[in-house]
Amino acid sequence: MSGNRQPLRVAILEAERILAGAGVPSPRVDAELLAAHVLGVERLKLAMVPLVDPPVVDAIGRLVAQRAKRVPLQHLTGCAAMGAITVAVGPGVFVPRPETELLLAFGLASVEGKRNPVVVDLCTGSGALALAMANARPDATVHAVELDAAALAWARRNADYRAAAGDTPIHLHAGDVADADLLSDMDGRADLVLCNPPYVPVGTVVPPEVGEHDPFRAVFAGTDGLTVIRTVVACAARLLKPGGHLAIEHDDTHAEAVPALLAARSVLTDVEDHTDLAGRPRFATARRV
């Protein structure tokens, strides 16, 4: 077999060519990540594997063919990163995006210096935000809420895995942010409420990875994209303790609409909107007076 070994570099170049032809936004990165997944090494260590056997090339090729059909990269590798952890993802749950790291960073900064903070993650999906918070702040009590049964199953799987790895267990709740009694026993107790809700206006053209693979109701929220966010603002205003912070991710068309929803609540102050790394409006924050 060793005589038939092939340069990994050639396999990655071919993968990049195929993915670029299929319109994948980051063909080189995806090619390298798929190769790293097959080899079981970190992407940055691919240079340490100059030659690979034909079965490895074939395995990379099969994954590349799926990615070229715009199956999400994270469905092929089975995981997505958030903070210092990775969570399992696949069909039936929204794939966490890199821009949500900014929501996590804001949340961590807002509870810095607070002992034993109480954190609530609404619309938790895979549990990525809640679990990343619990990993970074072992002293925190983290509650996570999800309506969809399939997503909740992914969140439970991830929560069990992180607890087994030694993280402080989170509290998972099956519930609807539109329910006025959701977590009613926690009214006025949360130091931080985070939410990455469905927020894309129905009818918006989205990439195939989103439109064909993310659950519809984890992405879209009414004609203006604000259907869920309106209920999140009301829920968060009720849950926050005085001085507690709220951060909600939103569509890049919501730079004025979401801050306006926050400012309309007399109990919320310090309303700000924040951009992502590409300079697009991405999340809004406020503080309970």
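Residues numbered from 1 in each chain as written. Predicted model: local features only at pLDDT ≥ 70, side-chain atom pairs only at ≥ 80, totals over all residues. Heavy atoms only, no water.

K.L.:
What is the right way to look at the overall build of the protein in this model?
P.N.:
Of regular secondary structure, the protein possesses 11 helices and 11 strands. Counting only C-alpha atoms, the protein reaches 70 × 45 × 30 Å along its principal axes. Long-range pairs, those at least 24 residues apart, make up 65% of the contacts in the protein between residues at least 6 apart in sequence. Here the protein displays about 13,200 Å² of accessible surface, and carbon together with sulfur accounts for 55% of that area. (Helix = DSSP H or I, 4+ residues; strand = E, 2+ residues; numbered from the N terminus. Contact = heavy atoms within 4.5 Å. Areas by Shrake-Rupley, 256 points an atom, 1.4 Å probe, with all protein chains shown as cover.)

K.L.:
Would you explain the sheet that holds strand S10 (residues 268–275) in this entry?
P.N.:
As a general point, the strands of a sheet are linked pairwise by backbone hydrogen bonds and lie either parallel or antiparallel. Spatially, seven strands are ordered S7-S6-S5-S8-S9-S11-S10 in an open sheet, and the strand pairing comes out mixed. Because the sheet does not close on itself, it has two edges, and the strands there are strand S7 (171–174) and S10. Taken pair by pair, the neighbouring strands of this sheet meet at an average axis angle of 15°, ignoring direction. The pairing of S10 with strand S11 (residues 281–288) spans six bridges and is classified as antiparallel. (Pairing = 2+ DSSP bridges. Axes fitted to C-alpha atoms, helices over the stretch in contact; angles between N-to-C directions.)

K.L.:
Can you help me understand the pairing of S11 in this one?
P.N.:
Note on strand geometry: in a regular strand, side chains alternate between the two faces of the sheet. Burial analysis of S11 places seven of its eight residues in the buried class, which makes it a mostly covered element. Relative to S11, strand S9 (residues 240–249) runs antiparallel, the two sharing five bridges. Across the sheet, the residue bridging to Ile248 is Ala284, located in S11. Where S10 folds back on S11, the antiparallel hairpin that results is connected by five residues, among which Gly279 adopts a positive phi of roughly 85°. (Buried < 20%, exposed > 50% of the residue type's maximum accessible area, 1.4 Å probe, protein only.)

K.L.:
Before we go on, may I ask you to explain the side chain of Asn196 in this structure?
P.N.:
Along the chain, Asn196 falls in the loop between strand S8 (190–195) and helix H8 (208–211). Polar contacts involving the side chain of Asn196 include one to the side chain of Thr100, which spans 3.4 Å. If near-sequence neighbours (up to four positions away) are discounted, Asn196 is found in contact with Phe94, Thr100, Leu103, Leu122, Cys123, Leu129 and Glu249. (Polar contact = N/O pair within 3.5 Å; in protein donor to acceptor, adjacent residues only side chain to side chain.)

K.L.:
Looking at this structure, I do not really get the packing of helix H1 (residues 8–21) against helix H3 (residues 54–68). What am I missing?
P.N.:
Each packed pair of helices is defined by two parameters, the angle between the axes and the distance between the axes. Interaxial distance between H1 and H3 falls to 10 Å at its minimum, and their mutual angle equals 15°. Accordingly, the angle class assigned to the pair H1 and H3 is roughly parallel. As H1 runs across H3, the sense of the crossing is right-handed. For the pair H1 and H3, the contacting residues are Leu8, Ala11, Ala15, Ile18 and Leu19 in the first and Val57, Ile60, Val64, Arg67 and Ala68 in the second. Within the contact of H1 with H3, the residues separate by chemical class into nine nonpolar, no polar and one charged. (Parallel < 35°, antiparallel > 145°, perpendicular 65-115°, else oblique. Left-handed = near helix turned anticlockwise from the far one by under 90°. Nonpolar A, V, L, I, M, F, W, Y, C, P; charged D, E, K, R; others polar.)

K.L.:
Even after reading the chapter, I still don't get the packing of aromatic side chains, so can you show me in this structure?
P.N.:
For any pair of aromatic rings, the description rests on two quantities: the centre-to-centre distance and the angle between the ring planes. This structure, assessed with the given rule, holds two aromatic pairs. Ring plane angle 65° and centroid distance 6.2 Å describe the contact between Phe106 and Phe283, whose orientation is recorded as edge-to-face. Taken together, the positions of Phe106 in helix H5 (residues 101–110) and Phe283 in strand S11 put the pair 177 residues apart, joining distant regions of the chain. (Phe/Tyr/Trp six-rings, centres within 6.5 Å; stacked < 30°, edge-to-face > 60°.)

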